[in-house]
Amino acid sequence: MKTFNLPDLGEGLPDAEINEWHIKEGDIVEADQLLVSMETAKAVVEVPAPRSGKVVKFYGKTGDIIKTHMPLIEFEDDDGSQAMEAHHEGKTAATTAATPMAISSNAVFLLPDLGEGLPDAEINEWHVKEGDEIEADQPLASMETAKAVVEVPSPHSGKIAKLYGKAGDVIITGSPLVEFVVTGGAPVAEDAGTVVGNIEVSNEVLRESATGIKPMKVSGNKIKAVPAARILAKKSGIDLSTVTGSGPHGSISVDDVKKHLGQGGAAVNIPVASPVATRPSIPGAEPLRGVRRTMAIMMSQSHREVVPVTILDDADIYAWPKGTDITLRIIRAVVFACKEEPALNAWYDGAANARKLFDEVNLGLAVDSKEGLFVPVINDVANLDAKEIRATVNRFKTQVQDRTIPQEELRGNTITLSNFGVFAGRYANPIIVPPSVAILGCGRLREEVVPEKGKPAIHRVMPLSITFDHRAATGGEATRFLAAVITDLQKEN
Amino acid sequence: MSEVIKSTVAEFNITYTQFLDESGKPSQDLPSIAKDFDKLIKLYRFMVFLRAFDTKAINLQRTGKLGTYAAILGQEAVGTVIGELMQKEDILAPAYREYGIQLQRGMKIQDILNFWGGDERGNNFANPHDFSMCVPIASQCLHAAGAAKAVQIRKEKRVVVAVCGDGATSEGDFYEAMNVAGTWKLPLVFIVCNNQWAISVPRHVQSAAGTLAQKAIAAGIPSEQVDGNDVIAMHEVVEQALDRARNGDGPYVIEAITYRLHDHTTADDATRYRSQEEVDQAWQREPIKRIHNYLVANNKWNDDLETKLQEEMKAHVAEELEGYFNMPKPKATDMFEHMYETLPDALLEQYEIVSQG
Amino acid sequence: MPEITLVEAVTQALAYEMGADNNVVVFGEDIALNGGVFRATDGLHAKFGDDRVFDTPLAENLIAGITVGMAAQGLKPVAEFQFMGFIYPGFNQIVCHAARMRNRTRGRLSCPAVFRAPYGGGIRAPEHHSESTEALFAHIPGLRVVIPSSPARAYGLLLAAIRDPDPVMFLEPKRIYRHVKQDVPDNGEALPLDTAFVLREGNDITLVTWGAMIKETLAVADQLTNEGLSVEVIDVATVKPLDMDTILQSIAKTGRCVIIQEAVKTCSVGSEIAANIAEKGLFDLHAPVKRVTGFDTTMPYFKLEYDYIPSEARIKQAVMETLEY
């Protein structure tokens, strides 16, 4: 026990600066003799000798900063048996504080020269991942240099904040390889920022919006409404922001809500999944996960709630020029039909028997993937041009396949399109997912013998299947809608 | 060994002011207010009104028409004078026995009775900034300090008056408020209405301090004692303290010596802890008779006027009772209406339970 | 872009609102020249002067009491209690006056005040500096109790708290004061109070937490996500009044819930959430609600504080038990 480590001179101080040595190397000192004055973030503190003996080495000169629990001086090892309280304490702190105090320097570990003058190395495989708590010397990665595959160990213990690169990437020698979460190591001589204890400091940057993914509920406090009105609105599924208040300062009264209801104020309810059995009754059955599970829940909900009617017809697309973008034409037809007959571009709340018609068309596109069914939404599709729509459709396809589609693009569809015919199938009964009330399915294009001016002719036709929720729309509205779709599809351009 | 020399680093003295003795005779040369008979008659009339109201309120409680009520019998002069001297824009932070001030600052008899009659609407009286009655003892002193700080920050010429009892001077809030008022030099006047009893605990058990006024010395603010049953002395001392504070010269503490002639509240029985003899003696010092005698001695008052006044005040009180008796019970949902400016969604369900009766 | 810590976000919000509203005043112990012991008010005195930023005598009851007085007279006081462990002398003023002012005067007076206090353990502090007693205040009608868990939410929620017309306890989890940085534009945009924030969306289980426990909870959520589970994480943020709608909606989807809090278990915010789930979400549940909490012990001195504070391991075990139930 010959090294005296700098003790914590305050409460949770990360380090101290050497102000002045009172002794010199080679001096023989008595226990409690003042060794050095050290300046902390808070005060100048005299540090006494923990024991008697000859000082053989200083670990710093005036102006140097010594980190807490790091060596300050070394005694000649004339009495190794003498326990040194300060040293012992320091060690305890360093080991117990696996959480906040352990490491202090080198937040970023730079790739060292793994051979002799090697310019770079390729990452073969990571042995750790971001967020891992690792020990000193634990292998971080195997790196392939021009000469060999080398295991790179961790320079110290700590939590990994960031890995610079993935397998196959080449890292230049001296460039960052791994970043650690800095704990307890506030930048040198900076304010500790507390009067007690030790506040963990990190430069890790949080990538998260202030509101999280979505504030599920908009605080009612922004809208002035009397409590009774708010209760009624909640029960009727009315969004109070759509109600005009007639009370003082524009506050909403019960009558205002009733009036709004009378005007066909519509309910908005985010669909709530139903419980599914925890333990499968089929031996060996795997519980569904993720998107596939969501699909199952949604479909069950639809089956329980919706009163579906499916209508089938064909559109004759003989007039289309060669190279027409089929998807874009179908989307255009849906937008056209929504304008002609708005009843199907809507949400319906069965519990409250309330519906809401939309001016804008937020079109959900059913996209199949290995994981399950996704329905990304093109918002306000009527105001996008063909190029933008095509770009969005393409992006959705890619993002669905590599599972990078953001959650917020998977909700809010006011009507849905399923182009199942890409694979096979002429007609279907597409399933509506509440709260939307209609879905249009397009089957496989085919050639059909049709009468043309009294003679048989062969035209290409597109089979259409539309399902609507008969609670929310009438048969007349649905057939008018389908007619509008066909009319638009049958145009040449 | 020689005697240790200790030098005096601080000394204090506390004065006591009285102009009219128990019988209403001058005990020293009188100030100019003593010749302003119009004002003295106005104050006298108000004190008679207060006593008529107080007597009625006790009777209402005794007949089941009011909840617990804290009487002001014998303390009328203190509130009457403070209410007279405070400006409209000043701010009052009262305890719960300050009707004499409050009735001159927008509160009505109906409000006071509503408060003691179990109805929060009593605190919604016609003064936009005065604090409402404060039951937890001395905590209003800190509200007064905060209000005075607000006045100071805005550089307004307003004074805040905190009124508390002798018992309240034992609370930390009282000391803390005086301390901060001293160090921030707040426009704040503390008036300790020392009625000698905190329920059953007499003044000398409350504190070993010779006066309560001297507690201000520790906070570095000036203070004095005054005969709180002497309208003229009260007027002199309170006026000076208010002017001082209004002119930016800082806080002041006044200990007004008076006596609680009635029980602590209508639920209390003071005969359990104090003698009839003590109360009888205190009746000799009560404030209304004193100023009455002074006015009569100066030929400004007589029996005819007195009889008329008594009738007038009883009628006045009776008239104001109508409002209280006609006050409908609050709606049950009123519990929720002012919990927050806008009731949080989380409370709607409970609101609905109540609204459905 | 400026990336700032949670405590810097507090300063940024205070500075913004003091600039926008002359009625906002900031005071407490050591907050003026010293900038607060955690530096939450750093630079405000230099910018806004003695009238707007001032030190008080050392008396927490005083701080609470003058706050009530100032707020009732039209100021918007933001009082700092140096540590939540020292707030109790002011409890009387907060409970008997701040929380009741509007109600007892039928709206004639009100108390638009913010009571700020750093709270919670994990910084190796001495006795009385580490407790989490948000439930004491969550019990009191008329108060709001708001606990931010990221720099952006500290900024947005503190602005909302100052602008709120009623008293808000704004409890700052000091363990994560400087734990991460975040880009927080100084745009004066408040976040909604009384609203929980969904930090991760998932279908398999709902983790409900607030304050500094966000750190361990998100770490566990990320581990589980890597293992193929779909975990929803909710930051309650306003623990009084509770946004149970968000929590119940989530549970209707996941059927499983673990509540994680640093505070003691009994009569806590977690108890209240669990009770609400029992009342309104029972038939959505596939497993009993679990709570991972501090223990019903006195907060230990710091040698044991990380044995007391729920660890990632304890959280993960509770999650696995709930999933496998």
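Values in this document were obtained by computation on a predicted structure and should not be read as measured data. (Residues numbered from 1 in each chain as written. Chains lettered and ligands numbered in written order. Predicted model: local features only at pLDDT ≥ 70, side-chain atom pairs only at ≥ 80, totals over all residues. Heavy atoms only, no water.)

Colleague: When you look at the overall build of chain B in this model, what are you seeing that I'm missing?
Modeller: Summing up its helical and strand segments, chain B has 14 helices and eight strands in all. Among the 357 residues that make up chain B, the fraction classed as buried is 57%. Looking at chain B alone, contacts between residues at least 24 apart form 72% of all its contacts between residues at least 6 apart. When the accessible surface of chain B is summed, it comes to about 15400 Å², and 49% of that surface belongs to carbon and sulfur atoms. (Helix = DSSP H or I, 4+ residues; strand = E, 2+ residues; numbered from the N terminus. Buried < 20%, exposed > 50% of the residue type's maximum accessible area, 1.4 Å probe, protein only. Contact = heavy atoms within 4.5 Å. Areas by Shrake-Rupley, 256 points an atom, 1.4 Å probe, with all protein chains shown as cover.)

Colleague: It is not clear to me how the environment of Ile-259 of chain C should be interpreted in this structure. Could you clarify?
Modeller: Residue and element names in this part refer to chain C. On the secondary structure map, Ile-259 appears in strand 13 (residues 257-260). For the pair Ile-259 and Leu-207, spaced 52 residues apart in the sequence, the C-alpha separation amounts to 5.9 Å. Ignoring sequence-local partners within four residues, the contact set of Ile-259 consists of Val-208, Trp-210, Gly-270, Ile-273, Ala-274, Val-289, Lys-290, Arg-291 and Val-292.

Colleague: So what exactly am I meant to see when it comes to the interface of chain A and chain C here?
Modeller: Contact with chain A, which involves 50 residues of that partner, is made by 58 residues of chain C. Here chain A packs against chain C, burying approximately 4500 Å² in sum over the two surfaces, 51% of which is carbon and sulfur. Taken together, the links from chain A to chain C amount to four salt bridges. The salt bridge partner of Arg-207 of chain A is Glu-3 of chain C, with a shortest N-O separation of 3.4 Å. Put simply, chain A and chain C have seven residue pairs in polar contact (both at pLDDT 80 or more) between them. With three residues, helix 4 (residues 290-305) of chain A is the largest single contributor of residues to the side of chain A that touches chain C. When the residues that make up the side of chain A that touches chain C are grouped by side-chain class, the tally is 19 nonpolar, 16 polar and 15 charged. (Buried area = accessible area lost by both parts, 1.4 Å probe. Salt bridge = Lys/Arg side-chain N within 4 Å of Asp/Glu carboxyl O. Polar contact = N/O pair within 3.5 Å; in protein donor to acceptor, adjacent residues only side chain to side chain. Nonpolar A, V, L, I, M, F, W, Y, C, P; charged D, E, K, R; others polar.)

Colleague: I keep staring at the sheet that holds strand 1 (residues 3-4) of chain C and nothing clicks. Help me out?
Modeller: To summarise the sheet geometry, strands pair through backbone hydrogen bonds and adopt either a parallel or an antiparallel arrangement. Read across the open sheet, the three strands follow the order 17(A)-8(C)-1(C); overall the sheet is mixed. The open sheet terminates on both sides in strands that have one partner only, identified here as strand 17 (205-206) of chain A together with strand 1 of chain C. Judged from the two bridges that link them, strand 17 of chain A and strand 8 (residues 181-183) of chain C form a sheet pairing that is parallel. In the strand pairing of strand 8 of chain C, Leu-206 of chain A is matched with Gln-182 of chain C. (Pairing = 2+ DSSP bridges.)

Colleague: What should I look at first to understand the pattern of salt bridges in this one?
Modeller: For side chains bearing opposite charge, pairing can occur when the charged atoms are close. Taken as a whole and assessed by the stated rule, the structure comprises 46 salt bridges over all chains. When the shortest N-O distance is used, the salt bridge between Glu-17 of chain C and Arg-163 of chain C registers 2.9 Å. Of the two residues, Glu-17 of chain C is situated in helix 1 (residues 6-20) and Arg-163 of chain C in helix 7 (residues 151-163); the sequence distance between them amounts to 146 residues. Salt bridges here are not isolated pairs; linked through shared partners, they connect Glu-208 of chain A together with Arg-153 and Asp-235 of chain C.

Colleague: What is the right way to read the packing of aromatic side chains from this model?
Modeller: Any aromatic ring pair is given by two values, namely how distant the centres are and how the planes are angled relative to each other. Under the definition given, this model contains 24 aromatic pairs over all chains. Relative to Tyr-294 of chain B, the ring of Phe-37 of chain B lies with its centre 6.0 Å away and its plane at 20 degrees, an arrangement referred to as stacked. Taken together, the residues Phe-37 of chain B in helix 1 (residues 37-62) and Tyr-294 of chain B in helix 11 (residues 287-297) connect sequence positions 257 residues apart. Three or more aromatic residues joined by ring pairs form one cluster here, namely Phe-53, Tyr-69, Tyr-96, Tyr-99, Phe-115 and Trp-116 of chain B. The ring centre of Trp-184 of chain B lies 4.4 Å from the NZ or CZ of Lys-149 of chain B, which sits over that ring. The side chain of Arg-108 of chain C reaches across the aromatic face of Phe-125 of chain B, ending 3.8 Å from its centre. (Phe/Tyr/Trp six-rings, centres within 6.5 Å; stacked < 30°, edge-to-face > 60°. Lys NZ or Arg CZ within 6 Å of the ring centre and 35° of its normal.)

Colleague: Sorry if this is basic, but what is going on with the packing of helix 1 of chain B against helix 4 (residues 109-116) of chain B here?
Modeller: To characterise two packed helices, one gives the angle between the axes of the helices and the distance between these axes. Residues and elements named next belong to chain B. Where helix 1 contacts helix 4, the axes come no closer than 12 Å and their chain directions differ by 30 degrees. In terms of their interaxial angle, helix 1 and helix 4 are classed as roughly parallel. Where helix 1 crosses over helix 4, the handedness of that crossing is right-handed. Within the contact between the two elements, helix 1 uses Phe-49, Phe-53, Ala-57 and Leu-60 and helix 4 uses Ile-109, Ile-112 and Leu-113. (Axes fitted to C-alpha atoms, helices over the stretch in contact; angles between N-to-C directions. Parallel < 35°, antiparallel > 145°, perpendicular 65-115°, else oblique. Left-handed = near helix turned anticlockwise from the far one by under 90°.)

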